[in-house]
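Remarks on the overall topology
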Amino acid sequence: MNAPAPLGLRRAVALADYTTWRVGGAAQWFAEPDSLEQLQALLAWAHGASLPARVIGAGSNLLVSDAGLEGLTLCNRRLQGAELDAGSGVIEAQAGEPIPTLARRAARAGLSGLEWAVGIPGTVGGAAVMNAGAQGGCTAEVLESVTVIDPRRPDHPFELTNSELDFAYRHSRLQQEELVVLAARFRLQAGHDPAELSRRTSGNLHSRTSTQPYQQPSCGSVFRNPEPQKAGQLIEALGLKGLSIGGAQVSPIHANFIVNTGGATASEIDQLISAVQERVQAAHGLALHTEVKRLGPFEGLALAA
Ligand SMILES: Cc1cc2nc3c(=O)[nH]c(=O)nc-3n(C[C@H](O)[C@H](O)[C@H](O)COP(=O)(O)OP(=O)(O)OC[C@H]3O[C@@H](n4cnc5c(N)ncnc54)[C@H](O)[C@@H]3O)c2cc1C
């Protein structure tokens, strides 16, 4: 290592504590930057040391290998904050801002367009990367632009507009390119009744928590829907609810969720994903692709998105 290590850098940090599945090995190097400057300094340090670097948000769409991750992993959940303009409907949010918090604030300000986002336990950055969506809405419909940096040139932030992000169902260009999202600008519809928006937002949350296993560690829906079919319905029709490998189980409540019933490993979850894919392929000739992103090495041959 040539340059001195920046403040906040830690070694061998268990990533299970930073993912909603509660699985995953250790990051070789890890930090939770408190400021943009610190994030940039950490990326510059990794680049100078020829280490791979990545940024995660709330870890709510990640399957991190039991073997852990080489290089630097940055969690940006401390980089929170958002400014809402109730007149124009414009929201400027930092990438680590929790998307449910933003949805609630927007509703209280009479801004419509994020009511669907209240049950998605991720960050603004993760929502932009994944084009997160629910209940008929998605990020691409309300996002105007993102401010990003290339980890190899962390001192040069630049903007990508909505049309440059190649948004599609649970997809954006950011999944292919190693760009770090620093902030996002949204444009919502102003002038709505805050009480009505808050009611709708709470209703959306209730309909999810009453039909999905929110009390157990998971990553939400594991598989992309093979439109026009629903992955959950295909899996349920094959009688796979409750199928388990070790501590990983196809949720008895919602078949597109795999839950950690306690002590599951990433490998067990990965094997269960493969088992479900094989059964659906054999029964319907359909390849189910994962919505969840794997990080690090995995043995299985499970189909990625
Ligand atoms: C109970 C539950 C319900 C869910 N329901 C839904 C749902 O209805 N709809 C839906 O779309 N998803 C859902 N999800 C999945 C998940 O919440 C979303 O995909 C979310 O957008 C991920 O955000 P995150 O901050 O957790 O990203 P992470 O999981 O931390 O990361 C996801 C990917 O984005 C990258 N990334 C994250 N932040 C940045 C950044 N700042 N810059 C560059 N790359 C970044 C990561 O490297 C990774 O590749 C659910 C998850 C759970 C646990």
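1. Topic: the overall build of the protein
Of the regular secondary structure elements, the protein holds 6 helices and 16 strands. Its C-alpha atoms give the protein a radius of gyration of 19 Å, within 12% of the compact-globule value 19 Å for 305 residues. Considering only C-alpha atoms, the protein reaches an extent of 55 × 50 × 30 Å along its principal axes. Relative to its full complement of 305 residues, the protein shows a buried share of 45%. Long-range pairs, those at least 24 residues apart, make up 64% of the contacts in the protein with a sequence separation of at least 6.

2. Here's the deal with the sheet that holds strand S5 (residues 69-75)
Judged by pairing direction, the sheet is mixed, and its 4 strands sit side by side in the order S1-S2-S5-S3 without closing on themselves. Edge positions in the open sheet fall to strand S1 (10-14) and strand S3 (53-56), since each of these has one partner strand only. When strand polarity is set aside, the average angle formed by the axes of neighbouring strands in this sheet is 45 degrees. Bridge count for strand S2 (residues 26-31) against S5 is 4 bridges, and the pairing is parallel. Across the sheet, the residue bridging to Phe 30 is Thr 73, located in S5. Against the sheet, helix H1 (residues 36-48) engages S2, S3 and S5, with an angle of about 170 degrees to S5.

3. Focus on the nonpolar core
Grouped together as the largest cluster of nonpolar side chains are 85 residues, with contacts concentrated most on Leu 42, Ala 106, Ala 128, Val 181, Ala 184, Ile 258 and Ile 269. Non-local contacts of Ile 258, meaning those with residues more than four positions away in its chain, are made with Ser 218, Val 222, Ala 248, Gln 249, Val 250, Ser 251, Ile 269, Leu 272 and Ile 273.

4. Observations concerning the domain arrangement of the protein
Where interface size is given, it is often the accessible area lost as the parts come together that is meant. Assigned domains of the protein: these are domain 1 (10-75), domain 2 (82-209) and domain 3 (231-295). The interface is formed by 12 residues belonging to domain 1 together with 14 residues belonging to domain 2. Here the side of domain 1 that touches domain 2 takes 5 residues from H1, the largest share from any one element. Taken together, the residues of the side of domain 1 that touches domain 2 break down into 6 nonpolar, 6 polar and no charged.

5. A word on the packing of helix H2 (residues 99-108) against helix H4 (residues 194-209)
For the pair H2 and H4, interaxial distance at closest approach is 7 Å and the crossing angle is 150 degrees. Comparing the axis directions of H2 and H4 gives the class roughly antiparallel. Contacts between H2 and H4 involve Ala 103, Arg 104, Ala 107 and Arg 108 from the former and Pro 194, Leu 197, Ser 198 and Thr 201 from the latter. Class assignment of the residues belonging to the contact of H2 with H4 gives a composition of 4 nonpolar, 2 polar and 2 charged.

6. Quick notes on H4
An ideal rise of 1.5 Å per residue puts 22 Å on 16 residues; H4 measures up with 22 Å between its terminal C-alpha atoms. Residues Leu 197, Thr 201 and Asn 204 constitute the buried set of H4. Viewed along the axis of H4, the buried residues span an arc of 60 degrees, placing them on a single side of the element. Turned more than 90 degrees away from the buried face of H4 sit Ala 195, His 206 and Thr 209, all of them exposed. Tucked inside the fold, the buried residues of H4 contact H2.

7. Quick notes on the sheet that holds strand S13 (residues 244-245)
Pairing is antiparallel in the open sheet, where 3 strands are placed in the order S13-S14-S15. A single partner strand is all that each edge strand has here, and the edge strands are S13 and strand S15 (258-260). Bridging between S13 and strand S14 (residues 248-250) involves 2 bridges; their strand directions are antiparallel. Paired with Ile 245 across the two strands is Ala 248, which belongs to S14. Here helix H6 (residues 266-284) sits on the sheet and contacts S13, S14 and S15; the angle it forms with S14, its principal contact strand, is near 30 degrees.

8. Structural notes on unusual backbone geometry
Cis rather than trans, the peptide bond between Glu 227 and Pro 228 has omega equal to 5 degrees. Although it is not a glycine, Arg 170 adopts a positive phi angle of roughly 50 degrees. Mapping Arg 170 onto the fold places it in the loop between strand S11 (158-161) and strand S12 (180-187).

9. Digging into the site of the ligand
In the region of the ligand, 31 residues are neighbours, and Gly 57, Gly 122, Gly 125, Gly 126 and Gly 220 sit closest. Contributions of two or more residues to the shell around the ligand are made by S3, helix H3 (124-130), strand S8 (133-134) and S12. Per-element accounting of the shell around the ligand gives the leading share, 5 residues, to H3. Among the residues making up the shell around the ligand, the classes are represented as 16 nonpolar, 13 polar and 2 charged. Both domains that furnish three or more residues to the shell around the ligand are identified here as domain 1 (10-75) and domain 2 (82-209).

Cut-offs and rules
- Residues numbered from 1 in each chain as written.
- Predicted model: local features only at pLDDT ≥ 70, side-chain atom pairs only at ≥ 80, totals over all residues.
- Helix = DSSP H or I, 4+ residues; strand = E, 2+ residues; numbered from the N terminus.
- Rg over C-alpha atoms; globule rule 2.2 N^0.38 Å.
- Buried ≥ 20, exposed ≤ 12 C-beta atoms within 10 Å, placed from the backbone.
- Contact = placed C-beta atoms within 7 Å.
- Pairing = 2+ DSSP bridges.
- Axes fitted to C-alpha atoms, helices over the stretch in contact; angles between N-to-C directions.
- Core = buried A, V, L, I, M, F, W, Y, C linked by C-beta atoms within 7 Å.
- Domains from an automatic or database assignment.
- Nonpolar A, V, L, I, M, F, W, Y, C, P; charged D, E, K, R; others polar.
- Parallel < 35°, antiparallel > 145°, perpendicular 65-115°, else oblique.
- Expected span 1.5 Å × (residues − 1).
- Arc of directions from axis to C-beta.
- Near = placed C-beta within 6 Å.

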